[in-house]
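For reference, the chains in residue letters:
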Amino acid sequence: MNGTTDKPAEWMNQWLKMQEGLMKEWTSSLGKVMKSSALPEEWMKMPLSPVGLYDQWSKSLSDLAAKREEEGVGRLVYDRIASSSKVYMDLLNFWAKSTGVFKSVPPGKTLTVEEINALRNDWMKNYREFMNTLWGSKPAGDEESLGKTLEGTTLSASDLTWSLLEPVLKNVAQMPDIVQKIARGDSSAVLDLGGIFAKNYEDTVGPAMIAPSFGYFKQLNEKITQTIHAYVRFNTAKNAFSAMLYKTGLKAAEKVYERSSEFVGKEATPENFKAFYRMWWTANEETYHVLLSSEEFNTMSKEMVTRGLLFRKWIDELMDHVLRFTNIPGKKDMDEIYKTIWELRRELKNQKRVIRDLEKKVGAKDRKKKPA
Amino acid sequence: MAESVMEAMMKESARVQQKLLKGFENMVHIKDLEDGVTPREVVYREDKIEVYHYKPEGESVCPIPLLICYALVNRQYMMDIQDNLSLFRKLIGQGLDLYVIDWGYPSKMDKYQTMEDYIDGYLNNVVDFVRERTGSDKINLLGVCQGGAFSTIYASLYPEKIQNLVVMVAPIDLDTQDGLLQVWAKSFDVDLMVDTIGNVPGEFLNLGFLWLKPFQLVIDKYVGLIDRLDNPETVKYFLRMEKWIFDSPDQAGETFKKFVKDLFQKNLLCKGEFTLGGRKVDLKKITMPVLNLFGEQDHLVPPYCSKPLAELVGTKDVTTVEYPVGHIGMYVSSKAQKEMPPTVANWLKDRCSAEKIKGPGKAK
């Protein structure tokens, strides 16, 4: 075990000070709630609800680790745990709200269809809010780095893309309808926008982007427009992929809603919340498993990865073209070097093997020649 | 009523905070953990690979050394993760003379490395090295996961150098529509990927593994740990596992391309049509005894990918052992830890006795 265990003495003092501050805020917040006999939902909106307080606390702890420049496997894994705990706490928040929604119905009352729908809509509205925080949570590491691998240097290209494509968006016939949906809080409408945008792009600006260019900068211009074209297509595929995941999340929400009936009337205890949490993640896992096994997922993920790779390919092409005028080697140059090294290394190993075999043969002959 | 919800929230929130704080204390100062716990000696180096030697403890049960060929995916120290959970330690404890290949981390320079370089090159060189070092004309070879497929290919190409073949969770028959990994691997354009980015990033493979059970592996695994964060031993074990899971070397581009195309997409090894360096790999040439180990709940290499090996090889001496565990459980579950090392040791012992080692293969 070679785990480093340097714990500075001032750490505990810093921590205690921070806890003291939080405790004061907690007490004052709790006092206000008790006096005003606020309802849970109102309290939940206050910055110092249990979940709000948790968020602050978690951030302070993370800041403290950053201040101490803690790095390494311990910090990395702690961050993953904290990130998943955030989802857990957000679900706790949602659970408290949904318990409130169900409890607003007087016991024994028979609900009308409209009332049932209203109840369901309230529940779904809260769930969508939770989903947004879930989707915004920091991934466990790999999704993030893969995104970086694929997207790489896209940021500078996005402004240019926007200025080129703005006219396309302005002419989208369905735009008013989508804007209305977004205004009503339907997050999936934002994702539908991606598909419509893609179609309009392909019908209008798209062909122009891959049209042959001419003049002194012909090659450079073509590479630039091809790169932007590849970026737009990658971005579209990425959005379509995200939309598919988000819509599956909504399907899972339906399943969670159906199974929530098991919890109606049950006491609000931490144990029941834990049971709710278990039901929530298993319902999601089941729903996503169906998606992951589907042809749709195969097609969409293949499309996204392929588009990402083609975008990367065009960036390399463009970079190679630009670097031609400098002394810095481009991808093609480096590939040539790598290949030569690989070939030389192989050749060297073959020669070594031949020499070793010859040495063995010579050794054997010498042994035979020597008198017993 | 409303207060009750609040109370439950506060209690749960306080519990999570308390446990996280303990976890913070127990883990955040740990910068790194060792790559394996059993004392070892580096006895061979070639490019980025190293071979470790683990001396047998107690009486030697088998005069022939055992070489472990791990996968290129992740690292071999999963089999030596912690003092009480080390297959390496238990194997040497059974009296086996153990050698293990550490493939290292391929860099961009290695993108042209082929499967031939790994099997005909590195693996063959290591086998020769161990044979020379120990004076054994033949050695025992144990291949794990992807290394199991490599070892199977090797044993069919060089049967004269292998006394016994042991494979563990080896992907052999990949003609299936059931396993998610197998299905995904069939559909993606590996040529485009390798031609564009060279080596395949370890993160990309890890993402694939996480997607097999996204909610369990990205959320619940960590939430489930909250309750046990105050136990330093549990935390250390968890950290070791996490380190291993995310310690994913990139895959040498050309090797990955052939592995995915020929094995996953075309299932050539199983069909008897796989070639390496221009030579056909005929599994019927595996005439030495074979021990095939796999987990019945393995979701990465499901049993139906490993099991058919018995029908494909040219020996009748095939022993198949199925453990009621998953892929990772094969390395760290108490069941596998307890049962697998003596199974391997006894199986080898029965096949290493002097009268079974014929001619030049006899141990010196």
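These figures come from a predicted structure and were not determined experimentally. (Residues numbered from 1 in each chain as written. Chains lettered and ligands numbered in written order. Predicted model: local features only at pLDDT ≥ 70, side-chain atom pairs only at ≥ 80, totals over all residues.)

Trainee: Looking at this structure, I do not really get the confidence of the model for chain A. What am I missing?
Mentor: One rule of thumb: low pLDDT means the predicted coordinates there are not for detailed reading. Summarising the model, chain A shows a mean pLDDT of 76, and 65% of its residues fall at 70 or more. Low pLDDT, under 50, characterises residues 137-160 of chain A; the stretch is placed with 30 contacts to residues that sit more than four places away or in other chains. (pLDDT = per-residue confidence, 0-100. Contact = placed C-beta atoms within 7 Å.)

Trainee: Teacher, can you tell me more about the interface of chain B and chain A here?
Mentor: Buried accessible area, meaning the area lost when the parts come together, often serves as the stated size of an interface. The interface is formed by 63 residues belonging to chain B together with 64 residues belonging to chain A. Those elements that place two or more of their residues in the side of chain B that touches chain A are helix H1 (2-27), helix H5 (180-187), helix H6 (190-197), helix H7 (202-212), helix H8 (214-226) and helix H9 (232-246) of chain B. In terms of residue class, the side of chain B that touches chain A is built from 38 nonpolar, 11 polar and 14 charged. (Helix = DSSP H or I, 4+ residues; strand = E, 2+ residues; numbered from the N terminus. Nonpolar A, V, L, I, M, F, W, Y, C, P; charged D, E, K, R; others polar.)

Trainee: How do you make sense of the packing of H6(B) against helix H10 (residues 253-265) of chain B when you look at a structure like this?
Mentor: For any two helices packed against each other, the geometry comes down to the angle between their axes and how far apart the axes lie. All names here are of chain B. In contact at an axis separation of 10 Å, H6 and H10 are set at 175 degrees when each is read in the N-to-C sense. Here H6 is positioned roughly antiparallel relative to H10, judged by the angle of their axes. In contact with Val 190, Asp 191 and Val 194 of H6, H10 contributes Gly 253, Glu 254, Phe 256, Lys 257, Val 260 and Lys 261. Residues that form the contact of H6 with H10 fall into these classes: four nonpolar, one polar and four charged. (Axes fitted to C-alpha atoms, helices over the stretch in contact; angles between N-to-C directions. Parallel < 35°, antiparallel > 145°, perpendicular 65-115°, else oblique.)

Trainee: Help me understand the domain arrangement of chain A in this model?
Mentor: Residue and element names in this part refer to chain A. The domain architecture assigned to chain A consists of domain 1 (12-129), domain 2 (148-323) and domain 3 (329-366). Tallying the contact residues gives 12 residues for domain 1 and 10 residues for domain 2. Where the side of domain 1 that touches domain 2 is concerned, the elements lending two or more residues are helix H4 (73-103) and helix H5 (113-136). Per element, the largest residue contribution to the side of domain 1 that touches domain 2 is seven residues, and it comes from H4. The residue inventory of the side of domain 1 that touches domain 2, partitioned by class, reads eight nonpolar, two polar and two charged. (Domains from an automatic or database assignment.)

Trainee: Would you take a moment to explain unusual backbone geometry for this structure?
Mentor: What you tend to see is this: most non-glycine residues have negative phi, and most peptide bonds are trans. Residue and element names in this part refer to chain B. Phi at Cys 145 takes a positive value of approximately 55 degrees, unusual for a residue other than glycine. A positive phi angle is found at Asn 267, which is not glycine, with a value near 55 degrees. Tracing the backbone through its elements, the reader meets Asn 267 in the loop between H10 and helix H11 (268-271). Note on Asn 267: 18 C-beta atoms within 10 Å, which makes it partly exposed. (Buried ≥ 20, exposed ≤ 12 C-beta atoms within 10 Å, placed from the backbone.)

Trainee: What am I meant to see in the environment of B:Pro159 here?
Mentor: All names here are of chain B. Along the chain, Pro 159 turns up in the loop between helix H4 (146-157) and strand S8 (162-168). Along the backbone, Pro 159 and Lys 138 are 21 residues apart, and their C-alpha atoms lie at a distance of 9.0 Å. Excluding residues that lie within four positions of it along the chain, Pro 159 makes contacts with Lys 285, Ile 286, Thr 287 and Met 288.

Trainee: When you look at H4(B) in this model, what are you seeing that I'm missing?
Mentor: Helix length check: H4(B) (12 residues) gives 17 Å between terminal C-alpha atoms against 16 Å at 1.5 Å per residue, within 8%. Restricting attention to buried positions, one finds in H4(B) the residues B:Gln146, B:Gly147, B:Gly148, B:Ala149, B:Phe150, B:Ser151, B:Thr152, B:Ile153, B:Tyr154, B:Ala155, B:Ser156 and B:Leu157. (Expected span 1.5 Å × (residues − 1).)

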